[in-house]
Amino acid sequence: MAKITYIEHNGTEHVIDVANGLTVMEGARDNGVPGIDADCGGACACSTCHAYVHPDWVDRLPPVEDMEADMLDFAYATDPKRSRLTCQIKVTEALDGLVVQMPEKQI
């Protein structure tokens, strides 16, 4: 289990314990966190689970794979270093303390 902090665009924080094996997107969706729409359900076929990873965590996550990079091209206001699709980040104990912030909107 990992404690993940989701920060809405307006600054509202949601600190949630997310089970290992789920994705960061599933943790938000299953706990009603606004700002991660997850229209494709986690198939990496849209960009509606886009979030900005806190700078302290960028280098601690697995690198962006090609399919995720392609989908990020469709996301709103991406940051070349911090933007990730939360459906592509698997939760492990190593992610305990992860902080992600939602963009102003999802496309």
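Residues numbered from 1 in each chain as written. Predicted model: local features only at pLDDT ≥ 70, side-chain atom pairs only at ≥ 80, totals over all residues. Heavy atoms only, no water.

**Q** Just to check I follow, could you spell out the overall build of the protein for this structure?
**A** Summing up its helical and strand segments, the protein has two helices and five strands in all. Secondary structure elements in the protein, listed N-terminal to C-terminal, are β-β-α-β-α-β-β. Overall, the protein is about 30 × 25 × 25 Å in size when its C-alpha atoms are taken along their principal axes. For the protein, contacts bridging at least 24 residues in sequence account for 66% of all contacts bridging at least 6. (Helix = DSSP H or I, 4+ residues; strand = E, 2+ residues; numbered from the N terminus. Contact = heavy atoms within 4.5 Å.)

**Q** Which parts of the structure should I look at to understand the packing of aromatic side chains?
**A** Two measures describe an aromatic ring pair: the distance that separates the ring centres and the angle between the ring planes. On inspection of all chains with the given rule, the structure shows zero aromatic pairs. Positioned over the ring face of Trp 57 is Arg 60, at 3.8 Å from the centre of the ring. (Phe/Tyr/Trp six-rings, centres within 6.5 Å; stacked < 30°, edge-to-face > 60°. Lys NZ or Arg CZ within 6 Å of the ring centre and 35° of its normal.)

**Q** Where do I start with the sheet that holds strand 4 (residues 83-85) in this structure?
**A** Sheet strands pair via backbone hydrogen bonds, and the direction of the pair is either parallel or antiparallel. Taking strand neighbours across the sheet as the criterion, the five strands line up as 2-1-5-3-4 in an open arrangement whose pairing is mixed. Of all the strands in the sheet, just strand 2 (13-18) and strand 4 have a single pairing partner and so form its edges. Strand-to-strand twist in this sheet, taken as the mean axis angle between neighbours without regard to direction, amounts to 35 degrees. Pairing of strand 3 (residues 50-53) with strand 4 involves three bridges; the strand directions are antiparallel. (Pairing = 2+ DSSP bridges. Axes fitted to C-alpha atoms, helices over the stretch in contact; angles between N-to-C directions.)

**Q** What's the story with a negative patch on the surface in this structure? I'm lost.
**A** A cluster of acidic residues, Glu 65, Asp 66, Asp 70 and Asp 73, forms a negative patch on the protein surface. Of note, Asp 70 is situated in helix 2 (residues 66-72). Look at Asp 70 and you get partly exposed, because its relative accessible area is 47%. (Patch = residues over 30% accessible without salt bridge, like charges linked within 9 Å, V, L, I, M, F, W, Y side chains within 5 Å. Areas by Shrake-Rupley, 256 points an atom, 1.4 Å probe, with all protein chains shown as cover. Salt bridge = Lys/Arg side-chain N within 4 Å of Asp/Glu carboxyl O. Lys, Arg positive; Asp, Glu negative; His and termini not counted. Charge placed at Lys NZ, Arg CZ, Asp CG, Glu CD. Buried < 20%, exposed > 50% of the residue type's maximum accessible area, 1.4 Å probe, protein only.)

**Q** When you look at the pattern of salt bridges in this model, what are you seeing that I'm missing?
**A** Pairing between side chains becomes possible if they bear opposite charge and their charged atoms approach one another. In this structure the tally under the stated criterion is three salt bridges. Between Glu 68 and Arg 84 there is a salt bridge, and its shortest N-O distance comes to 2.8 Å. Of this pair, Glu 68 sits in helix 2 while Arg 84 sits in strand 4, placing them 16 residues apart in sequence. Both residues of the pair, Glu 68 and Arg 84, count as buried.

**Q** I keep staring at unusual backbone geometry and nothing clicks. Help me out?
**A** Leaving glycine out, the prevailing phi sign among residues is negative, and the prevailing peptide bond configuration is trans. With a phi close to 55 degrees, Ala 38 is a non-glycine residue in the positive phi region. Within the secondary structure, Ala 38 sits in the loop between helix 1 (24-30) and strand 3. Overall, Ala 38 belongs to the buried group, its relative accessible area being 11%. One non-glycine residue, Ala 77, lies in positive phi territory at about 50 degrees. Inspection of the secondary structure puts Ala 77 in the loop between helix 2 and strand 4. Note on Ala 77: relative accessible area 43%, which makes it partly exposed.

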